[in-house]
Each structure stands twice: as C-alpha cells, then as structure tokens.
Amino acid sequence: MSAWNAEQYEGRHSYVWQFGGSLVELLQPRSGERILDLGCGTGQLTAEIAASGAQVVGLDGSPEMLGQARQNYPNLKFVLADAASFRFEESFDAVFSNAALHWVKNAEAAVQSIAAALRPGGRFIAEFGGKGNIRLILAALETVLGATAEERCPWWFPGIGEYASLLEQHGLEVRQASLFDRPTPIEGERGMEDWIEMFCGTYFRDLDANGAKEKVRELAAHLRQELFRDGVWILDYRRLRVVAVAVG
Ligand SMILES: C[S@@+](CC[C@H](N)C(=O)[O-])C[C@H]1O[C@@H](n2cnc3c(N)ncnc32)[C@H](O)[C@@H]1O
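The following refers to the structure shown. (Residues numbered from 1 in each chain as written. Predicted model: local features only at pLDDT ≥ 70, side-chain atom pairs only at ≥ 80, totals over all residues. Heavy atoms only, no water.)

## Looking at the overall build of the chain
- On a plain count of helices and strands, the chain comes out with ten helices and ten strands.
- Against the globule reference of 18 Å for 248 residues, the chain gives a C-alpha radius of gyration of 18 Å, in line with a compact fold.
- Expressed as lengths along the three principal axes of its C-alpha atoms, the size of the chain is roughly 50 × 40 × 35 Å.
- Here the chain holds 248 residues, and the buried ones make up 53% of them. (Helix = DSSP H or I, 4+ residues; strand = E, 2+ residues; numbered from the N terminus. Rg over C-alpha atoms; globule rule 2.2 N^0.38 Å. Buried < 20%, exposed > 50% of the residue type's maximum accessible area, 1.4 Å probe, protein only.)

## A short note on the site of the ligand
- Surrounding the ligand, one finds 21 residues, the nearest of these being Y9, G39, D60, A83 and N98.
- Take Y9: an N or O atom from its side chain is 2.6 Å from an oxygen atom of the ligand.
- Note that a nitrogen atom of the ligand is positioned 2.7 Å from one of the backbone N or O atoms of G39.
- Looking at the shell around the ligand residue by residue, the class counts come to 14 nonpolar, five polar and two charged. (Near = heavy atom within 4 Å. Polar contact = N/O pair within 3.5 Å; in protein donor to acceptor, adjacent residues only side chain to side chain. Nonpolar A, V, L, I, M, F, W, Y, C, P; charged D, E, K, R; others polar.)

## Comments concerning the sheet that holds strand β7 (residues 184–186)
- The three strands lie next to each other as β7-β9-β8, forming an open sheet whose pairing is antiparallel. The open sheet is flanked by β7 and β8 (228–229), the only strands paired with a single partner.
- Strand direction decides the pairing type here: β7 and strand β9 (residues 232–235), joined by three bridges, are antiparallel. Paired with P185 across the bridge in β9 is I234.
- Running over the sheet, helix α9 (residues 191–199) touches β7 and β9 and is turned about 40° from β9. (Pairing = 2+ DSSP bridges. Contact = heavy atoms within 4.5 Å. Axes fitted to C-alpha atoms, helices over the stretch in contact; angles between N-to-C directions.)

## Focus on the sheet that holds strand β1 (residues 34–38)
- The mixed open sheet is built from seven strands, whose spatial order is β3-β2-β1-β4-β5-β10-β6. Edge positions in the sheet fall to β3 (77–80) and β6 (172–181), since each of these pairs with one other strand and no more. Going across the sheet, the axis of each strand differs from the next one's by a mean of 15°, ignoring polarity.
- Here β1 runs beside strand β2 (residues 55–60); their pairing, made up of five bridges, is parallel. Note on β2: the bridge partner recorded for D37 is G58.
- Lying over the sheet, helix α2 (residues 15–27) contacts β1, β4 (92–98), β5 (118–129), β6 and β10 (238–246), oriented at roughly 150° with respect to β4.
- Contacts from helix α5 (residues 107–117) reach β1, β4, β5 and β6, with the element oriented near 145° to β5.

## So, α9
- Across the nine residues of α9, eight count as buried, placing the element largely inside the fold.
- Listed in full, the buried residues belonging to α9 are G191, M192, E193, D194, W195, I196, M198 and F199.
- The secondary structure elements touched by the buried residues of α9 are α1 (6–12), α2, α6 (135–145), β7, α10 (209–227) and β9.

Nothing here speaks to function; it is all geometry.
Here you go:
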C-alpha cells in the first residue's frame, strides 16, 4: 500500500467524507448494530456512524491514517488491517465503505473478506471510484509520464456488471447499483496540484522531490483547460454505489 499523509488528507481533502454523508444515510445505522467501516481513513464517517448508537469498528491499512483516527476519536475502536485479507471472529450487521475500495486491486479477496464478515442478512453499503472515474486525469498522466503510467496506476475502477458479478459470486445479493458522474470541486488555484500530490504518489516514486513537483505542475497545466472553471478545479469523479445483502 502507498503511504498516506493524514495531515494533508484532513487539511485539504475533507470533501471525501463530506460527500460520504449521504452514504451513511443509506446505511441507516441503528443503535446496537455492529458495523464495520472499511478503509475508514481518519475516522470522520466512523464517528458519524457511531453517533447513531451503533458499535463501530474502523479498519484501515495505513498506520498514518489510523493513528490520526485514534487521536481524533479515542473512544472508538480502530483496527489496522488489509481490506484484502481481514477476518473477524464476530460477525457484523453491516459493512460500510466510502472512497476506499478502488484502492484495493485484489478486489475479489476484499469481497471474500466482506462476505465472511457479514452475518446472514447483513448489508454491504459502499461507494468508490467506478468505471470512467477521473478519465481526463488518467489520460493526462499517460501523456505526461508515458508508458509507465498505466502500470503504476494504484486504482481499479469497475463497472456495475463487473462488480455486481463479483459480489454475487461470493454470496452477496445486489439490491442496488448505480454508476454516476459526481463532478467534485476542490478549493484553490493549487487544488489540482494538491490532489495529485495527495493521491498520485506511486506515479512519482522514482523521482526526487523537485522532479516530482515539476511533473505535478506539468499535469495541472495540462488539465487546466478542461477541469478549471471560473476559478475552481472540478474533478471528473464518477462513483459506483452499491447496496447488497449477504444471503445464506
Ligand atoms: C480516500 S481515503 C477514504 C477514507 C474514509 N473512508 C473517508 O471517507 O474519509 C481511502 C482510505 O482507504 C485506505 N485503504 C486503501 N487501501 C487499503 C487496503 N488495501 N486496506 C485497508 N485500507 C485501505 C487508505 O489507507 C485510506 O485511509
């Protein structure tokens, strides 16, 4: 897994969990339920779920993000584990996940872990990058960085058919799935550069700090015409949202 800068995430990327608020509404957490927040990051949505009276466990693979989550919410339970291999002894009423699963390239292993974590009838409510997500940004990465861009891509953005099939193969009945554009504004003239610095580290791993900065500037310049409007950067996000229930 790539390293995460928790301070930068909380400082400049709060839109991630702010958009996740509507997913918590879809989850409808109830008092006493056991809920897993998969890829919980710095814990803001874990806390929102806990406010319902549910017993929440936040799970994340990044020690930096989890350390910040523990500092933010010392009364909540957080576990360091990989979404592709976690196991719990006690089952959950729901597994929730916002903006995390497109980072898990071994998606089948993650779905197996999710299915194993749910009690029969338990629900899986998730949103993450779907097919066509950040299309223009990916194209700019290929133009600026060449052939290495594709092999360094840290994400998997599935379509509905692909992801729903995977869920069904592992005993999860898909009740809702939608793939939708969600143009996402980010603040400031430097917004695109901030975003690239935060999320695209794997692309620049063999460059020194100055070399990476230069590429980041070049990428932002490349994207400006299509994604910078009236003084605001608008990311070309497309999300896949699913609601599924564990059968059996
Ligand atoms: C963009 S953040 C979203 C965090 C949080 N869900 C939110 O809405 O603010 C993505 C999170 O997924 C976590 N993540 C990525 N790959 C993971 C993996 N294989 N196992 C566990 N967590 C992972 C990252 O560490 C990061 O905290």
